[in-house]
Amino acid sequence: MPGGPAGGRPALLQPLALLLLVSRAAALHPSQLFPRGESWGDQLLREGDDESSAAVKLATPVRFYEAQFHDLYVGTNGVISTQDFPRETQYVDDDFPTDFPVIAPFLADLDTSRGRGRVLFREDMSPAVLALASRYVRTGFPRSAARFTAAHAFLATWEQVGAYEEVARGAQPSGRLNTFQAVLASDKSDTYALFLYPANGLQFFGTRPKESYNAQLELPARVGFCRGETDDLKREGLYFSLTSTEQSVKNLYQLSNLGVAGVWAFHIGSASPMANVVPAAVPTRAHPPAPLGPSLGHVAAPEDADMEGHGEHHEDSGVEYEDPPSGPGTAGDGHSGTAASTPSAAGPMPPAASLSPRPPLVPGDWPPTPEARWAVPGPQTRAGEPLGEAGAPDADGLGEPPGPTGAAGLLGPLEATPPYPGGGAGPSGAGISAAPPDGEARLPHWPAPSRWSEAAEEGEAHASTQVFRSEAPGRGTCSQHHGQCSRRAFCTDYATGFCCHCQSGFYGNGRQCLPEGAPLRVNGKVSGRLRVGATPVHFAGVDLHAYVVAGDGRVSTAISHVPPPAAHALLPLAPPGGLLGWLFALEKPGARNGFSLAGASFIHDMEVVFHPGEERVRVTQTAEALDSENYLSIKTDIRGEVPYVPENFTARIAPYKELYHYSDSAVTSTSSRDYTLMSGAINHTRSYSIQQNITFQACRHARRHQAGPSTQQLSADRVFALYDEKEKVLRFAVTNQIGSVEVNPCYDGSHMCDVAARCLPGPGMDYTCECSPGFQGDGQSCMDVDECASGFPRCGPNSVCINLLGSYRCECQSGYELASDRRTCNLTAPGPDPCVDGSQSCVPASQAQCTQLGDGTFHCACLPGYAGDGHQCTDVDECSENRCHPAATCYNTPGSFSCHCQAGYHGDGLQCLPEPTRRPATVCERWRASLLELYGGAPRDDQFVPRCDARGYFAPLQCHGKSDFCWCVDQDGREAPGTAPACIPTVTPPTARPTPRPDVTPPSVGTFLLYAQGQQIGHLPLNGTGFQKDAAKTLLSLHGSIVVGIDYDCRERMVYWTDVAGRTISRASLEPGAEPETVINSGLISPEGLVIDHFRRTMYWTDSVLDKIERARLDGAERRVLFYTDLVNPRAIAVDPVRGNLYWTDWNREAPKIETSSLDGENRRILVNKDIGLPNGLTFDPFSKLLCWADAGTKKLECTLPDGTGRRVIQNNLNYPFSIVSYANHFYHTDWRRDGVIAVNKDDGQLTDEYLPEQRSHLYGITAVYPYCPGGRK
C-alpha cells in the first residue's frame, strides 16, 4: 500500500486508531487466548521442576531459521525446542544464546510440582485456530505476509505455573502464578511465532538460580529465539532476544508489536534465506502532522524508552536491525545495529492510514470443542446497519474487513450455526449474518470453556447477547448451569455436557472445592441400634465433631454421649472416623483422595465382621453438604452386633493399609485389621474384616480429566482410640496417606537379594533373602559352595567330583561308566582305542593330539602353535603377528615363539622398558664401597662410613658410626671450617632438580582417557572400563587455545592436539616437566580432526575451512596435502595402521559422507553416504577391526567393516556426540548436550557410565592411552 494518507476509508481509520490508542488499556483477557484444554486435544506435560515432553511428531514440518523440523519438544521452563532438552542447569540460568534451538515465550526456572499449574500442548489444524493465527500474522506483517494462510499450527500453553521456590518446612509457596501461550503457524514456505500474555498473566518476572538461591538474586525471564549450535566451532549461533530487564518482561502483557496489548508476532523461519528472526512492527512510512498520542510509542517495543538492547542479537550473527527514525528531523535513539525494529518512544507515530491494512485482532471467547461449527458474520453492525464498503480491495489488493468499532468487536464475532433444515439461514434476529464473499472465518466471541464461571462470578467476562448457540436436547452447558460449580471452580463444556473443575490451589470435585492445606471441621450426628454381647443398646442424634489437618492427612474425631457399653465396644472400630481418613488423606504424587473425587456428597456403606465370634455390624455414613463456612456435615448410622469389651480394657489398633478400587461413580474396598485389647499384663489380639462401598455422583462428561489410578492404597498410621469416662466422649485419631499400590520388592524385582538367592516376602514391604541350595551367605551376597571340597564323599570310587555353580557333578574315570544314581561308577569293557593301538591318522604327538570318541572313532586336533585339521599341521609364525614388544626381537620356533628385549631394554620381550642409565660412581660412593669391603660389609657402631645422597654427593652431615661426633661438609666432602653439629639446621640444601610445570600433572600408570575441553586437556582414568571419577584431573592447561582434535603416540608417550584458535598442531610428552612443543604453525585455519599412525610415525589431520586433508611426520617434516577436492566440511579422521587405510568424515549438510583411502592417498572412495546426518566422531577399533562413527544428526552410533559391509546400529538415542574412541568392549564419546564423557557398551548399546567435569563447557576430541601400543593382525 503506497505511503501517504489513504483516501476513501474514513469509516475504518477512526476505529483502528482508537484501538491502537487504547492498546495499553485494552489488555488481552485470559479467555481471549487461543482455545486450550483436553477437549481441544491438548496433551498434558508431567508435573515437575524440569520436565520435557516426548517428541511431538508433526504432520507438517515447521521452519526455524533455514531448517525444517518434524519434531517439537515442550519443556516446563517456558520453552519449545526442535530437539530434546539438556540438563536444566545448562540453560535455565544462562543468557542467550543457548547451545540448542530455542523458542522461548518465557524462559525461566518454572515448577509445576504439587499441582501448581499445568503445561498443555498440541498440534492443531482446525479451521478456527488456523484462521485466527493467519489474521494475527497478516496484521503484523502487512506486506511480506499479506496473503499468508496458515495450514498448520502448534500451540503450547503454560497455565497458572509457578516459579521454582525453596519453601521452608510448614510454609506455603508463593501465590504468584503466570499464564502465557506460544503459537507456531506455518504454511508451505514460512513459519511465524505468536507469543500471548494475558492481563495479569505475568505475576512474577524472573526466577532465582538454584545454585545461589539464597543470594536474593532474581534473573529476568528470557524471551526470544536461538538457532542453537553452529558447526563453526569459533562462533555462536544466531539468536534474537526480546527481554533483558524486569521492566522489559513486565511490558510483555502491557505492550505489543502488532497493536494488541500482550500479543507479539515474529517471522522465525522461511524457505528463503533469513538473516535472523524478524519481529512484527508498525510501519513508519509517513509521519502525521501531529502525534496521535504518546502511548503509541510503545505498541511495538517490549522495553521502555530508557531500556537498552531490546530485541538484541549476537554481533557475530551478521545481521543488524536498525531503529527507525523517531520522526521528521529527529535522531535515532543511539542503538547501533543490535536492536529489533521498534518505533521510538519519544517521537510521533504514523497516522492510522499508514498502519497495517489488516486491523489488529482481539480474540474473543471460544466454542467448547474444535468440532463446533462456525458461521461467518457479514458486514453489518449491532443493528444490522452497513458499515461501509466492505471487502473493497485497497491499493495492495487486500480488502479491509469491516466490523463494529471498539477494541473487542473490530472484526465481529464468530458464531455457531444451528442446524436448520436444508442448510438455510437462521431465523430473523438470531444475530447470524451472511458469510462474506471470501469465506474467511472471523474471530470467535464465545463464552470461554475454561474458567468461564469463575470470570462470570467476579464480573470479569460476559457472554455477548448477539451470540446464538444451538444445544443438543437435554445437554447442559456452562452458560446455563455454571452456578452449580463452586465459586472456586471453573466450568468446562464437553461434547455431552459440562463439568466443574476446582481452580489451582483448591481441591474437590468442582461442585465443592476447599483450599489446599487449610484445616477443616466436620460436624454430624450418630445414631445406633447395637447388641453389645447380650445387651441391647440404642442411641440417637449424638454429636460427631472432627478436625482435619489437611497438610499431613491427620484426622481427629470425637463422638459424645455414646452409652458406655457401646462406647467401649466401638473402640476397636476405627471406621466411623476412618472414612474421614480416606476422604482427606495426604495425596502422594499422582494420587487423589476421596474429597477430590466425591466432594461433599456421597454415601459410605460398610459391613464389619468380627473374628472369631462372627459378630456383624453395618455402618452407613451420608455426607450432605458444605455449609457457608466450609464445614462438612455427615450423618452416621450404626446397626448390628459387636463383641463386648470390659470397661477396664483399652484398644490398640496397629497401622494398616487398604486398597481402594475405583470405577466411574463408586469406590470399593475389602480388607482386614488387627487390634489388641489390653489391661495391665493381659493382652488379647483380635481381628475383623471390612467391606466398604462408597457411591457418589461423578461428572462423566470429562473422563480423561477425571481419570486417576484404578486402584490406590491408603496407609493409616498413628491410629488412636480412647473412651473418656469423665467426658463421656469416644475419640479416634488417625494419620492417612493415599498413593499408588505398594508392591512387595520380591514381586516387582526391586529387592536387594543376590541373583543366587530367593526373595521371601514378608508383611507389607518387608522381605528376607535366603541363599539357594548350593550357595552360602546372608542372602544379599551368596557364594558358591564347593561340594567337592567339603570332605563329604559325594561321588563313589573311580569317579571325579566336579564342582558346578550351585551344584556338582560326578564323572567316571576312563574304563568306567556312571550308574543311574549319577554317583557310582561301574567298570566297562574297554573297546578299541585308535589313539593307543596306532590305527589313528593324526600327525605326530608333538604337533597334534588324538582323542578317543568311542566305538573305535577318534578326533585329531593341532596343538597350540600349529594350524591345520590335525591330520596335517603347519607351524604358525607368531612373529608375523607382532606378538612381541616393538623393542624386542621375535624368534619363531616349531609350535611356539620367544621374545627377547633388544640391547638397552629389559623385560620379558612382550613388554620391554629402557634400561636405566647408570652414571659413574662418585668419590663418595667409591669411598663408601671401599670402607664397607674393608669392614667386611658390617661396620661397628664407632666406625666411619661416609654418607652419600641420591646424586652421589656427600651428605651435609657426617658422623662416626652411631656416635654423637658429627660435622658438616660440602658436597665434595670438605669440612666447613668452624662448623659443629649446631650448623646442621642452617645447611643449604642441595640444588633441587627441575620441577614439572605448575599446570601439568603427570598421569598415573594404566589405561586412561584424554579429552579436549577448550583451553585444557583433561585426564580421566579407567578402572576396567568404568570411570575413576574421583581421580580425574587437568593434564595440561593451554590458555588462549581451543583444543579440538587429540590423539596419542604410544611409542614415545606423547599427546598431540590441534588448536583452532592458535591455528597450530602441538604435542607434549607425558613425562614430568615436559613443555608443549608446536610442530605445525603455518598453513592452517581450522584444524580439527587429528590421528597418529604410531607404526609409520606420521600424523594426519583435517582442516574444515581450507577443506583439506594433510599428513606429515610426527616432527612436522615431509608435510603433504592428500586431498583438497570434493570436501566441504571434513572433521573426524581415523587410521588403520596395520592394513594401511585412512578414514574421514565430511558433515556437508547437503551430502554427508564417510570416505576412505590408502595412507598415501590412493584408491579414494566413498564408504558410507546413506542415512547419515552429522558424522562428528570416527574411530577404528584395532581389535574388532570395525570402523565406527557417532552421528549428531541421526543421534546414532554405528559400525561397519572396513569395506563398508556389515553395517549395524549400536545405539540410536545419543544426544549430541562430538568425538568418539574405542577401548575394550566400550565406546567413549564426548557429548555437547551433557558437556561430558559418555560410556556405551559395544555389545548391547547400553549407556553404562557418564562423567561430567566440574567446569561446564563443551568437550571436543577424546582418545584412549594404553600402557602399551595396540597391535593387530592382518
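So, here is what we can say about the structure in this document.

What counts and how
Residues numbered from 1 in each chain as written. Predicted model: local features only at pLDDT ≥ 70, side-chain atom pairs only at ≥ 80, totals over all residues. Heavy atoms only, no water. Helix = DSSP H or I, 4+ residues; strand = E, 2+ residues; numbered from the N terminus. Areas by Shrake-Rupley, 256 points an atom, 1.4 Å probe, with all protein chains shown as cover. Phe/Tyr/Trp six-rings, centres within 6.5 Å; stacked < 30°, edge-to-face > 60°. Buried < 20%, exposed > 50% of the residue type's maximum accessible area, 1.4 Å probe, protein only. Lys NZ or Arg CZ within 6 Å of the ring centre and 35° of its normal. Disulfide = S-S within 2.5 Å. Pairing = 2+ DSSP bridges. Axes fitted to C-alpha atoms, helices over the stretch in contact; angles between N-to-C directions. Salt bridge = Lys/Arg side-chain N within 4 Å of Asp/Glu carboxyl O. Expected span 1.5 Å × (residues − 1). Core = buried A, V, L, I, M, F, W, Y, C linked by side-chain atoms within 4.5 Å.

1. Re the overall build of the protein chain
Right, on to step 1. Each helix and strand counted, the protein chain has 12 helices and 76 strands in total.
Right, on to step 2. Carbon and sulfur atoms provide 51% of the accessible area of the protein chain, an area that totals close to 57700 Å².

2. Things to note about the packing of aromatic side chains
Right, on to step 1. The tally for this structure, following the rule as stated, stands at 32 aromatic pairs.
Right, on to step 2. Taken together, a centroid distance of 5.5 Å and an interplanar angle of 55 degrees make the contact between Phe 195 and Phe 266 tilted. Here Phe 195 is found in strand 10 (residues 190-196), whereas its partner Phe 266 is found in strand 15 (residues 263-270), with 71 residues between them in sequence. We note that Phe 195, like Phe 266, is buried.
Right, on to step 3. Note on Phe 1123 and Trp 1144: the rings are 4.9 Å apart at their centroids and 35 degrees apart in plane angle, and the pair reads as tilted. Pair noted here: Phe 1123 is in strand 63 (residues 1120-1123) and Trp 1144 is in strand 65 (residues 1141-1146), with a separation of 21 residues, a long-range link. Each member of the pair, Phe 1123 as well as Trp 1144, is classed as buried.
Right, on to step 4. Members of the aromatic cluster, joined through ring pairs, are Phe 106, Trp 158, Phe 180, Tyr 197 and Phe 204.
Right, on to step 5. One residue, Arg 227, lies across the ring of Tyr 65, its end atom 5.9 Å from the ring centre.
Right, on to step 6. One residue, Arg 1164, lies across the ring of Phe 1123, its end atom 4.8 Å from the ring centre.

3. Digging into the state of the cysteines
Right, on to step 1. Enumeration according to the criterion identifies 19 disulfides in this entry.
Right, on to step 2. Two residues share a disulfide in this structure: Cys 746 and Cys 759, whose sulfurs sit 1.7 Å from each other. When the S-S torsion is -75 degrees, as for the bridge of Cys 746 with Cys 759, the disulfide is left-handed. Residue Cys 746 is located in helix 10 (residues 745-748), and its partner Cys 759 is located in strand 34 (residues 757-761); the two are separated by 13 residues in the primary sequence.

4. Focus on the sheet that holds strand 63
Right, on to step 1. One open sheet holds the four strands; their spatial order is 60-61-62-63, and the pairing between them is antiparallel. Pairing within the sheet leaves two strands with one partner each, and these edge strands are strand 60 (1087-1093) and strand 63. The average angle at which neighbouring strand axes cross in this sheet is 25 degrees, direction not considered.

5. As for the pattern of salt bridges
Right, on to step 1. Enumeration according to the criterion identifies 36 salt bridges in this entry.
Right, on to step 2. As a salt-bridge pair, Asp 637 and Arg 639 come within 2.7 Å of each other at their nearest N and O atoms.
Right, on to step 3. Note on Asp 637: relative accessible area 23%, which makes it partly exposed.
Right, on to step 4. The closest approach of N and O atoms between Asp 1093 and Arg 1096, which form a salt bridge, is 3.1 Å.

6. Structural notes on helix 2 (residues 127-140)
Right, on to step 1. Relative to the 20 Å expected for 14 residues at 1.5 Å per residue, helix 2 spans 20 Å between its end C-alpha atoms, a close match to the ideal helical length.
Right, on to step 2. Burial within helix 2 is extensive, with 13 of its 14 residues counted as buried.

7. Considerations on the nonpolar core
Right, on to step 1. One finds Val 522, Trp 582, Phe 584, Phe 602 and Leu 632 to be the most contacted residues of the largest nonpolar core, which totals 69 residues.
Right, on to step 2. It is strand 22 (residues 535-549) that provides the largest number of residues to this core, a total of six residues.
Right, on to step 3. Counting residues in hydrophobic clusters, the runner-up holds 43 residues, among them Leu 72, Val 161, Trp 264 and Val 277.

8. Digging into unusual backbone geometry
Right, on to step 1. With an omega of 15 degrees, the peptide bond between His 611 and Pro 612 qualifies as cis.
Right, on to step 2. Mapped onto the fold, Pro 612 is located in the loop between strand 25 (602-611) and strand 26 (616-626).
Right, on to step 3. Although it is not a glycine, Arg 1053 sits at a positive phi angle of roughly 50 degrees.
Right, on to step 4. Here Arg 1053 is to be found in the loop between strand 56 (1043-1049) and strand 57 (1054-1059).
Right, on to step 5. A residue is classified by how much of its surface remains accessible, and Arg 1053, at 30% relative accessible area, is partly exposed.

9. Overview of the sheet that holds strand 57
Right, on to step 1. Taken in spatial order, the four strands of this open sheet run 56-57-58-59, and their pairing is antiparallel. Every interior strand has two partners, whereas the edge strands, strand 56 and strand 59 (1077-1080), have only one. Strand-to-strand twist in this sheet, taken as the mean axis angle between neighbours without regard to direction, amounts to 30 degrees.
Right, on to step 2. Where strand 58 (residues 1064-1069) meets strand 59, three bridges bridge the pair, whose relative direction is antiparallel. The residue of strand 59 that forms the bridge with Ser 1066 is Thr 1078.

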